[in-house]
Amino acid sequence: MSFRYIYHAVHMTFSGGFEEAWQPGEPRESKMVFIGKGLDEQFLASTFNNCLATPENLTRKASTLRFKPGDAVECRTTGFDAEEGERWAAGTVVEVLHRADDMAPGEVAPYRVRLEDGSELTVLTDEGSEIVGANSHGDEEDGEEAGEGC
C-alpha cells in the first residue's frame, strides 16, 4: 500500500512525511492549500505550474544546462585532499535531468555521466566546481546552478 505525502508549513516552520494510506479506489490527486489574506491566486497558480514536470517545462529546464548528451566533460570525483588536491575524471554526458529511485521525491540531477573507466556518476549540480568541459577543470570559474527554483 502506498501513502500520501503530507507537507505542512506555517510561516518558516514546516514538516513533511508519508503519513496517510491511500484507500483502494480513491482518486490520487495532489492538492495545495494556502490560507492567508490578500493572496494573489493567479500568481501562485502560475508560479507552481511553471514547476510541473510537463514536456514543455522539462525541455525549458534542459535548455538551461551547460552540457548536452554526448558532450565530453570532466567531473570532480572527490573532495579536496591537502596532499593530492582535487581528483577529476573524464567522461561523457549520457543523460540530462536524471532521476534515480534513491533520490528524494521531486529531486532531479542535471547530469548522468559515464566515466572513461565505464562507471557512471550522477552530477547533482550544474556548477564549475563539479563538472566542466573536457580538459578545462582548472580554467573555468564556478558556474551558476542551472534553473530557477524547481
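Please refer to the structure placed before this passage.
What this report covers is the structure whose coordinates are included nearby.

1. Notes on the overall build of the chain
Moving on, step 1. Check the secondary structure of the chain and you find two helices and seven strands.
Moving on, step 2. Ordered by position from N to C terminus, the α and β elements of the chain give β-β-α-α-β-β-β-β-β.
Moving on, step 3. In the chain, which comprises 150 residues, the share counted as buried stands at 23%.
Moving on, step 4. Here the analysis covers contacts within the chain between residues at least 6 apart in sequence; of these, 35% occur between residues at least 24 apart.
Moving on, step 5. Here the chain has roughly 11,200 Å² of accessible surface; of this, 52% comes from carbon and sulfur atoms.

2. Here's the deal with the nonpolar core
Moving on, step 1. Val73, Tyr111, Val113 and Ile131 are the most contacted members of the largest nonpolar core, which has 13 residues in total.
Moving on, step 2. Of all the secondary-structure elements, those providing two or more residues to this core are strand E3 (72-76), strand E4 (88-98) and strand E5 (109-115).

3. Some words on the side chain of histidine 98
Moving on, step 1. Residue position: histidine 98 is located in strand E4.
Moving on, step 2. Given a relative accessible area of 11%, histidine 98 falls into the buried group.
Moving on, step 3. Of note is the side chain of histidine 98, whose polar atom sits 2.8 Å from the side chain of glutamate 95.
Moving on, step 4. Apart from the residues lying within four places of it in its own chain, the contact partners of histidine 98 are Met103, Val108, Ala109, Tyr111, Arg112 and Thr122.

4. Observations concerning the sheet that holds strand E6 (residues 120-123)
Moving on, step 1. Read across the open sheet, the five strands follow the order E6-E5-E4-E3-E7; overall the sheet is antiparallel. On the outer flanks of this sheet lie E6 and strand E7 (131-133), each paired with one strand and no other. Going across the sheet, the axis of each strand differs from the next one's by a mean of 45 degrees, ignoring polarity.
Moving on, step 2. Alignment of E4 against E5, held across six bridges, turns out to be antiparallel.

5. Details of the pairing of E3
Moving on, step 1. As paired elements, E3 and E4 share five bridges and run antiparallel to each other. Bridging across to E4, arginine 76 finds its partner in tryptophan 88.
Moving on, step 2. Judged from the three bridges that link them, E3 and E7 form a sheet pairing that is antiparallel. Each residue of the ladder has a partner; that of cysteine 75, found in E7, is isoleucine 131.

6. Quick notes on the pattern of salt bridges
Side chains carrying opposite charge are able to pair once their charged atoms draw close together.
Moving on, step 1. Taken as a whole and assessed by the stated rule, the structure comprises six salt bridges.
Moving on, step 2. A salt bridge links glutamate 20 to arginine 4; the nearest nitrogen and oxygen atoms lie 3.7 Å apart. Here arginine 4 lies in strand E1 (residues 3-10) and glutamate 20 lies in strand E2 (residues 13-21), a separation of 16 residues in the sequence.
Moving on, step 3. When its relative accessible area of 22% is taken as the criterion, arginine 4 is described as partly exposed.
Moving on, step 4. Residues participating in the shared-partner salt-bridge network are Arg4, Glu20 and Glu26.

Conventions adopted
- Residues numbered from 1 in each chain as written.
- Predicted model: local features only at pLDDT ≥ 70, side-chain atom pairs only at ≥ 80, totals over all residues.
- Heavy atoms only, no water.
- Helix = DSSP H or I, 4+ residues; strand = E, 2+ residues; numbered from the N terminus.
- Buried < 20%, exposed > 50% of the residue type's maximum accessible area, 1.4 Å probe, protein only.
- Contact = heavy atoms within 4.5 Å.
- Areas by Shrake-Rupley, 256 points an atom, 1.4 Å probe, with all protein chains shown as cover.
- Core = buried A, V, L, I, M, F, W, Y, C linked by side-chain atoms within 4.5 Å.
- Polar contact = N/O pair within 3.5 Å; in protein donor to acceptor, adjacent residues only side chain to side chain.
- Pairing = 2+ DSSP bridges.
- Axes fitted to C-alpha atoms, helices over the stretch in contact; angles between N-to-C directions.
- Salt bridge = Lys/Arg side-chain N within 4 Å of Asp/Glu carboxyl O.

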